[in-house]
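The chain contents come next:
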Amino acid sequence: MLRKLLLRTSHARRALSNVNTASSGSRPLNQCPSPSLSLLPRETAPFYSSNSAEVPGGTFVKHVDDDPNGSTSQPSATISVDRSALYNPPEHSHEPTSDSELVKHLKGIIKFRGGPISVAEYMEEVLTNPKAGFYINHDVFGTEGDFITSPEVSQMFGEMIGVWTMCMWEQMGQPRRVNLVELGPGRGTLMADLLRGTSKFKQFTEALHIHMVECSPTLRKLQHSNLKCIEEENVSQYVGHRTISTLAETPVTWHAALEQVPSGLPTIIIAHEFYDALPIHQFQRASRGWCEKMVDIEEDSSFRFVLSPQPTPANLYLMKRFQWATDEEIEKLNHIEICPTAMDLTQTIAKRISSDGGGALIIDYGLDGVISDSLQAIRKHKFVDILDDPGSADLSAYVDFAAIKHSAEEESDVSVHGPITQSQFLGALGINFRVEALLQNCTDEQAESLRAGYWQLVGEGEAPFWEGPDEQVPIGMGTRYLVMAIVNKKRGVPVPFS
């Protein structure tokens, strides 16, 4: 249920005592490297050294082949070798296993490399593997899916995003052509509500070209359906085919990545609950410094967490994140999460806004500061173990809004505003007036749904007016979600951040 989704899990999922040292050459915790160590290129710094098979304290014995004539020389002394410390692998079985294709794929990667993979790579494979990723072949949104997002809660959310988009367009000087980009559009509910809400403002909608950045074929089909798209052929001598959303008669194009969206036009980018699914790297403080947490295979073939025996490429981003934090913040931490993908994506967004003009709106759950240990797995609205049955649950982590801000500010021509709470953002855009208007013309059942949706969007904690079953009480997301805007400096301060 939504209530269970929004409540943080109470147990410490990844305590230090549960983290095992890596097998097959990984060092124990007291041998993890200090962050002051220089990083080695990947080809010169494998996880396991070439002599990792050497038995500690063992004896090397030179083998003597039998005489080719069939005789053997008698040894002058008997050599006894203690093999009790050697690892005896289980006998190979040809019996079929119950492992899913994704689990087999993950184990194959680990075995091929001869060592563990980062949490980020595990997360990326689990969510977006082309054949078995969680987002690729499932409709994971809504009450029948695995979690609920704000657009699925109420149409008012998408309508308020439409208000912000129109205000941004007006601040941009009402350009005749503008790219409206959504990253990770889910079912397309947000964009559909945005277009319905703004469809009467023809000058605005006629300027739009919608760009949906989505890698899932399943979700693309849902978005195409929810946007009421039709296909047009032989549009002009320059355009042979295009897809049109009949909600506002706007062209729609799909892309696998933001870089594929054509540049050169003013651009408005919306990223709602997109950053939280980007792969993160986790680090743990050990006796000799910060070690990256990795995913390895246990002897019983299950997955387990281990610590890297040496610095990894992600250490570069860790050092960068530390530069943006105070000593007091770092001293309190035993764990830290960083998201290099989010840092790089933000810089890509900032460069696009700097060159083409426009702005970006980022809405997600997170903190305006360093993130410690937030990675979670959700299956059917319930928290589950992160390593349990990969591909069957959503993985997400808190968004580090401070890192997003610093990453964007590396581009000199943009300004960053916020974060503010979702409650403040929606309230300033007029959601209170919108819910009152909708309540004027609805049934009692619709009114109950509107009030519940409104509370979930702007409230905090359990709804005080709820009289239904306890397990269905609306839980407010108003302060859990934060909102940030990145805009071209020429456009001033965006609504409602002034």
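Residues numbered from 1 in each chain as written. Predicted model: local features only at pLDDT ≥ 70, side-chain atom pairs only at ≥ 80, totals over all residues. Heavy atoms only, no water.

## Let's talk about helix α5 (residues 155-171)
- Its 17 residues place the ends of α5 25 Å apart at the C-alpha level, agreeing with the 24 Å of an ideal helix rising 1.5 Å per residue.
- Looking at α5, one finds that the buried residues are M156, F157, G158, E159, M160, I161, G162, W164, T165, M166, M168 and W169.
- The distance from a side-chain oxygen at the start of α5 to the backbone nitrogen of M156 is 3.1 Å, and the residue carrying that oxygen is S154.
- In the segment just after α5, G173 is the residue with positive phi, at about 95 degrees. (Helix = DSSP H or I, 4+ residues; strand = E, 2+ residues; numbered from the N terminus. Expected span 1.5 Å × (residues − 1). Buried < 20%, exposed > 50% of the residue type's maximum accessible area, 1.4 Å probe, protein only. Polar contact = N/O pair within 3.5 Å; in protein donor to acceptor, adjacent residues only side chain to side chain.)

## Things to note about the sheet that holds strand β13 (residues 376-379)
- Overall, antiparallel pairing links the three strands, which are arranged β14-β13-β15 in an open sheet. Each having just a single partner strand, β14 (382-384) and β15 (394-396) make up the two edges of the open sheet. Averaged over neighbouring strand pairs, the angle between their axes works out to 40 degrees when direction is ignored.
- Across three bridges, the pairing between β13 and β14 is antiparallel. (Pairing = 2+ DSSP bridges. Axes fitted to C-alpha atoms, helices over the stretch in contact; angles between N-to-C directions.)

## So, the packing of aromatic side chains
- In total, this model carries eight aromatic pairs according to the counting rule given.
- Pairing Y122 with F303 gives two aromatic rings, centres 6.2 Å apart and planes at 65 degrees, and the pair type is edge-to-face. Taken together, the residues Y122 in helix α3 (residues 119-128) and F303 in strand β10 (residues 303-307) connect sequence positions 181 residues apart. For the pair Y122 and F303, a shared accessibility class is recorded, and that class is buried.
- Relative to F204, the ring of W169 has its centre 5.3 Å away and its plane inclined at 65 degrees; by these criteria the two rings are edge-to-face. Remark: F204 occurs in helix α7 (residues 202-205) and W169 occurs in helix α5; sequence separation between them is 35 residues.
- Aromatic ring contacts, followed pair by pair, group Y365, Y398 and Y481 into a single cluster.
- For K107, the ring lying beneath its charged end belongs to F303, and the centroid distance is 5.9 Å.
- For K293, the ring lying beneath its charged end belongs to F305, and the centroid distance is 5.1 Å. (Phe/Tyr/Trp six-rings, centres within 6.5 Å; stacked < 30°, edge-to-face > 60°. Lys NZ or Arg CZ within 6 Å of the ring centre and 35° of its normal.)

## A word on the confidence of the model for the chain
- Considering every residue of the chain, the mean pLDDT works out to 82; 76% of them sit at 70 or more.
- Every residue in residues 1-78 is under pLDDT 50, and counting partners more than four places away or in other chains gives 133 contacts.
- Every residue in residues 89-96 scores below 50 in pLDDT, and together they form zero contacts with partners more than four places removed in sequence or on other chains. (pLDDT = per-residue confidence, 0-100. Contact = heavy atoms within 4.5 Å.)

## Describing the packing of helix α14 (residues 431-439) against helix α15 (residues 444-458)
- At a minimum axis distance of 10 Å, the contact between α14 and α15 shows a crossing angle of 170 degrees. As summarised for this structure, α14 and α15 are arranged roughly antiparallel, according to the angle between their axes. Counting all contacts with α14, which are made through I431, N432, V435, L438 and L439, the residues of α15 involved are A447, L450, Y454, L457 and V458.
- Partitioning the contact of α14 with α15 into residue classes produces nine nonpolar, one polar and no charged. (Parallel < 35°, antiparallel > 145°, perpendicular 65-115°, else oblique. Nonpolar A, V, L, I, M, F, W, Y, C, P; charged D, E, K, R; others polar.)

## Things to note about the nonpolar core
- Y122, L183, Y275 and I349 are the most contacted members of the largest nonpolar core, which totals 52 residues.
- Contacts of L183, omitting those with residues within four sequence positions, involve V213, L258, I269, I270, A271, H272, F274, L345 and I349.
- Counting residues in each nonpolar core, the second largest holds 51 residues, with M172, V252, I270 and Y481 among its members. (Core = buried A, V, L, I, M, F, W, Y, C linked by side-chain atoms within 4.5 Å.)

## Quick word on unusual backbone geometry
- Note that the residue after G418, namely P419, is joined by a cis bond; omega there is 10 degrees.
- Structurally, P419 is set in strand β17 (residues 414-421).
- Put simply, V495 and P496 share a cis peptide bond, and its omega is -5 degrees.
- One can find P496 in the segment after β20 (481-488).
- Unusually for a residue other than glycine, E249 sits at a positive phi of about 60 degrees.
- With respect to the helices and strands, the residue E249 is situated in the loop between β5 (241-245) and β6 (250-255).

## Brief notes about the packing of α5 against α14
- Here α5 crosses α14 at 135 degrees, and the two axes come no closer than 11 Å. The angle between α5 and α14 falls in the class oblique. The interaxial crossing formed by α5 with α14 has right-handed handedness. Here Q155, M156, E159 and M160 of α5 come into contact with α14, specifically with I431, R434, V435 and L438.
- Counted by class, the contact of α5 with α14 contains five nonpolar, one polar and two charged residues. (Left-handed = near helix turned anticlockwise from the far one by under 90°.)

## Side note on the pairing of strand β7 (residues 267-272)
- With six of six residues buried, β7 is to be regarded as a mostly interior element.
- Both strand β2 (residues 178-183) and β7 contribute to a ladder of five bridges, which runs parallel. Paired with L180 across the bridge in β7 is I268.
- Of the strand pairs in this sheet, β7 and strand β12 (residues 358-367) are connected by six bridges, and their pairing is parallel. Directly across from T267, in β12, lies its bridge partner G358.

## Quick notes on a negative patch on the surface
- There is a patch of like negative charges on the surface, built from D327, E328, E329 and E331.
- Inspection of the secondary structure puts E331 in helix α10 (residues 327-331). (Patch = residues over 30% accessible without salt bridge, like charges linked within 9 Å, V, L, I, M, F, W, Y side chains within 5 Å. Areas by Shrake-Rupley, 256 points an atom, 1.4 Å probe, with all protein chains shown as cover. Salt bridge = Lys/Arg side-chain N within 4 Å of Asp/Glu carboxyl O. Lys, Arg positive; Asp, Glu negative; His and termini not counted. Charge placed at Lys NZ, Arg CZ, Asp CG, Glu CD.)

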